[in-house]
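Below, each chain spelled out in residue letters.
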Amino acid sequence: MSDAPSHREHDLTRPDGISRREFSRRLSAAALAAGTSINSTDRWTMAGEDESARAPSDLCFTSATDLAAMLRSKKVSAREVMQAHLAQIERVNPAVNSIVTLIAERAMADAAAADEELARGKPRGPLHGLPIAHKDLVETKGIRTTHGSPFFRDHIPDTDAPIITLIRKGGALTLGKTNTPEFGAGSHTFNTVFGATKNPYDVTRTCGGSSGGAAVSLACGMVPIADGSDTGGSLRNPAAFCNVVGFRPSPGRVSAGRGSWSPLSTSGPMARSVADVALFLSVIAAPDKHNPLVLVDDPARFAGRLDRDFKGTRVAWYKDLGGIPFEPEITRVVGDARRTFESLGCVVEEAEPDFTGVDEAFPTLRHLSYHTSYAALAKQRPDWIKDTIHWEIDEAERQTAADVARASERQDQFYNQAEAFFSRYDYFVCPVTQVEPFDVTIKYPTAVAGVPMATYIDWMRSCWYVTFMATPAISVPAGFTSTGLPVGLQIVGRHRDDWSVLQLAHAFERATGHGRRRPKVAGV
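As the structure is a computational prediction, the values presented were derived from the model and not from experiment.

About the criteria used
- Residues numbered from 1 in each chain as written.
- Predicted model: local features only at pLDDT ≥ 70, side-chain atom pairs only at ≥ 80, totals over all residues.
- Heavy atoms only, no water.
- Helix = DSSP H or I, 4+ residues; strand = E, 2+ residues; numbered from the N terminus.
- Buried < 20%, exposed > 50% of the residue type's maximum accessible area, 1.4 Å probe, protein only.
- Contact = heavy atoms within 4.5 Å.
- Areas by Shrake-Rupley, 256 points an atom, 1.4 Å probe, with all protein chains shown as cover.
- Core = buried A, V, L, I, M, F, W, Y, C linked by side-chain atoms within 4.5 Å.
- Salt bridge = Lys/Arg side-chain N within 4 Å of Asp/Glu carboxyl O.
- Polar contact = N/O pair within 3.5 Å; in protein donor to acceptor, adjacent residues only side chain to side chain.
- Phe/Tyr/Trp six-rings, centres within 6.5 Å; stacked < 30°, edge-to-face > 60°.
- Expected span 1.5 Å × (residues − 1).
- Arc of directions from axis to C-beta.
- Pairing = 2+ DSSP bridges.
- Axes fitted to C-alpha atoms, helices over the stretch in contact; angles between N-to-C directions.
- Parallel < 35°, antiparallel > 145°, perpendicular 65-115°, else oblique.
- Nonpolar A, V, L, I, M, F, W, Y, C, P; charged D, E, K, R; others polar.
- pLDDT = per-residue confidence, 0-100.

Looking only at helices and strands, one finds 17 helices and 17 strands in the chain. Counting every position in the chain, which comprises 524 residues, the buried fraction comes to 61%. Considering only contacts in the chain between residues 6 or more positions apart, those separated by 24 or more positions represent 76%. For the chain, the exposed area adds up to about 19,400 Å²; of that, 51% sits on carbon and sulfur atoms.

In structure tokens form, the structure reads like this:
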């Protein structure tokens, strides 16, 4: 860990953080240093082009695929795109607290360099010039990475995580870091370093987690793409709560930044549309030789056309996921979506895998990873570790080798059961979450539909049951509750069939249009 004031001065939510006026001054300085004006019309504007078509607010909600095409054809410059997103952060971030570290000057300098490279006919890759913010669990060279923990409050990594290396190679430009729970534990984004990130559709509610800052930044037009990670639902849950798209790819598709034989954790893409998620995946799905579960398919296929015919496709519609409770509004909204799949030509019938024993096996294996990563820190400064992580560590020390063996056996068995299930069905569809976005001031729901929850992860079994299948799964917007809160629907596919999952999600998205509804706090 190290202290680097040159980066710390850009943090938006520190107790000694900058004011909005100071932010504006620095943003203007960054633009001038990059050779342009924060209020100017970029010189790359083509003759006769309607400049109002790319006003800053429009640029912030232009799809990543369209924005990438505009950048490649020089209809817009990387500097102009970056300026628009930095200005949106200035306007909106104080209300939601999703971007927790900002590097405006570096981002504008990188944008200027990207423009120069494109002028020489040397674009960096498919994401050339697109702004991005990274989850604060991911190591970023020269940019503070706190993991949401006091232990790493001023940690400036010396190297990039593998996924960051791929993102940079793909041409995306980093503007900062997004908030996450302490060490990513829990599906509610809050920590003692930055506080809570708020739901853009109702700032009194949670945005979910652990990729909560990423989901909110997307929903509010502060970035067009964002990376996240998922063990028990951390890409899918915040996407559902914030009306964006979060894709948990197959284990081995995207590196989690470390070599592991476990299929439980993976990194993945988030965006406002399925097509944007697929484009992003085409960059970050490059095979990682350090990942023992690595998949070696050509990632370029994910940048292809997603359209296809689903007539006769067999869809298994969830029953009750083994009897776990759901709030009525979740059941209603997701239930209404069934007709959409039928209208696409799918044959839909109620069926689900046998989830017996997963509620014991998944936590057992999860406890081990927390003990490995954080037990030593918890002994150093117990007061710097939140109680739910202490619980994970304590449970790992309590359980026996026989407990772990049984959990591993259930994992192997469930993989084969999922394989058999998908020999009968092409997809499995179920809710992402069991609850609506809850009060941002509570740590986690202690009951769902009147049923007590024993632990801080029990209310998210609808996600981590699917994690245990080791299959690709995506969260897509499915509609809204009667009070205007987003609800997500989860599409699960066969082992390693990521492309097919993206295709059905794309068809559902186009048929419904739920993802086009923007939060008022974003100013649109």
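Moving on, there is more to tell.
For the rest of this paragraph, the subject is the nonpolar core. Nonpolar side chains in soluble globular proteins generally cluster together in the buried interior. One finds Leu175, Phe341, Phe428, Ile474, Leu489, Ile491 and Leu502 to be the most contacted residues of the largest nonpolar core, which totals 144 residues. When residues of this core are assigned to their parent elements, the largest contribution, nine residues, is made by helix α13 (residues 358-380). Apart from residues lying up to four places away in sequence, Leu489 is in contact with Trp317, Val334, Ala337, Phe341, Val429, Cys430, Val432, Ile474, Ser475, Val476, Ala478 and Phe508.

Moving on to the pattern of salt bridges. A complete count under the given rule lists 25 salt bridges for this structure. A salt bridge links Arg124 to Glu117, with the shortest nitrogen-to-oxygen separation between them at 2.6 Å. On the accessibility criterion, Arg124 (29% relative accessible area) is partly exposed. Of the charged contacts, one joins Arg338 and Glu350 as a salt bridge, the two residues approaching to 3.7 Å between their closest N and O atoms. Of this pair, Arg338 sits in helix α12 (residues 338-343) while Glu350 sits in strand β12 (residues 347-350), and the two are twelve residues apart along the sequence. Each of Glu329, Arg332, Asp336 and Arg339 takes part in a single network of salt bridges with overlapping partners.

Along the chain, the position of Arg236 falls in helix α9 (residues 236-242). With a relative accessible area of 0%, Arg236 lands in the buried category. Of the polar contacts made by the side chain of Arg236, one reaches the side chain of Asp230; its length is 2.9 Å. Ignoring any residue separated from it by four or fewer positions in sequence, one finds Arg236 in contact with Asp230, Thr231, Gly246, Arg248, Val432, Cys463, Val466, Thr467, Ala473, Ser475 and Gln490.

This paragraph deals with the packing of aromatic side chains. In this structure the tally under the stated criterion is 24 aromatic pairs. Ring centres of Tyr444 and Tyr456 lie 6.3 Å apart, and the angle between their planes is 65°; on these two criteria the pair is classed as edge-to-face. Taken together, the residues Tyr444 in the loop between β13 (427-431) and β14 (447-448) and Tyr456 in the loop between β15 (451-452) and α16 (461-467) connect sequence positions twelve residues apart. Given a relative accessible area of 24%, Tyr444 falls into the partly exposed group.

On to helix α14 (residues 387-398). Helical periodicity: at 3.6 residues per turn, an α-helix aligns residues three or four positions apart in one direction. The end-to-end C-alpha separation of α14 is 16 Å, in line with the 16 Å expected for twelve residues at 1.5 Å each. Of all the residues in α14, the buried ones are Thr388, Ile389, Glu392, Ile393, Glu395 and Ala396. Viewed end-on, α14 has its buried residues packed into an arc of 160°, placing them on one side of the element. Looking at the buried positions of α14, the neighbouring elements they touch are α13.

Another point: the sheet that holds β12. With mixed pairing, eleven strands are arranged side by side in an open sheet as β1-β3-β2-β8-β10-β9-β16-β17-β13-β11-β12. Each edge of the open sheet carries a strand with a single partner, namely β1 (99-102) and β12. Pairs of neighbouring strands in the sheet enclose a mean axial angle of 30°, with direction left out of account. Pairing between strand β9 (residues 245-248) and strand β10 (residues 266-271): two bridges, direction antiparallel. Across the sheet, the residue bridging to Val245 is Ala271, located in β10. Across the sheet, helix α11 (residues 328-336) is in contact with β11 (314-317), β13, β16 (473-480) and β17 (486-492); its angle to β17 comes to roughly 55°.

In contact at an axis separation of 9 Å, helix α10 (residues 274-284) and helix α17 (residues 498-512) are set at 155° when each is read in the N-to-C sense. One element, α10, and the other, α17, form an angle in the roughly antiparallel class. Contacts between α10 and α17 involve Val274, Val277, Ala278 and Leu281 on the former and, on the latter, Leu502, Ala505, His506 and Glu509. Of the residues in the contact of α10 with α17, the class split is six nonpolar, one polar and one charged.

Now for unusual backbone geometry. For the bond from Gly209 to Ser210, the omega torsion is 10°, close enough to zero to count as cis. Counting through the fold element by element, Ser210 comes out in the loop between β7 (202-206) and α8 (212-219). Notably, Arg496 is not glycine yet its phi reads approximately 70°, a positive angle. Relative to the assigned elements, Arg496 resides in the loop between β17 and α17.

Moving on, we get to the confidence of the model for the chain. One rule of thumb: low pLDDT means the predicted coordinates there are not for detailed reading. Model confidence for the chain is summarised by a mean pLDDT of 91, while 89% of its residues fall at 70 or above. pLDDT under 50 marks residues 1-18. Its contacts with residues more than four places away, or in other chains, come to 42 contacts. Below a pLDDT of 50 lies the segment residues 36-54, which in the model reaches 35 contacts outside its immediate sequence neighbourhood of four places, other chains included.

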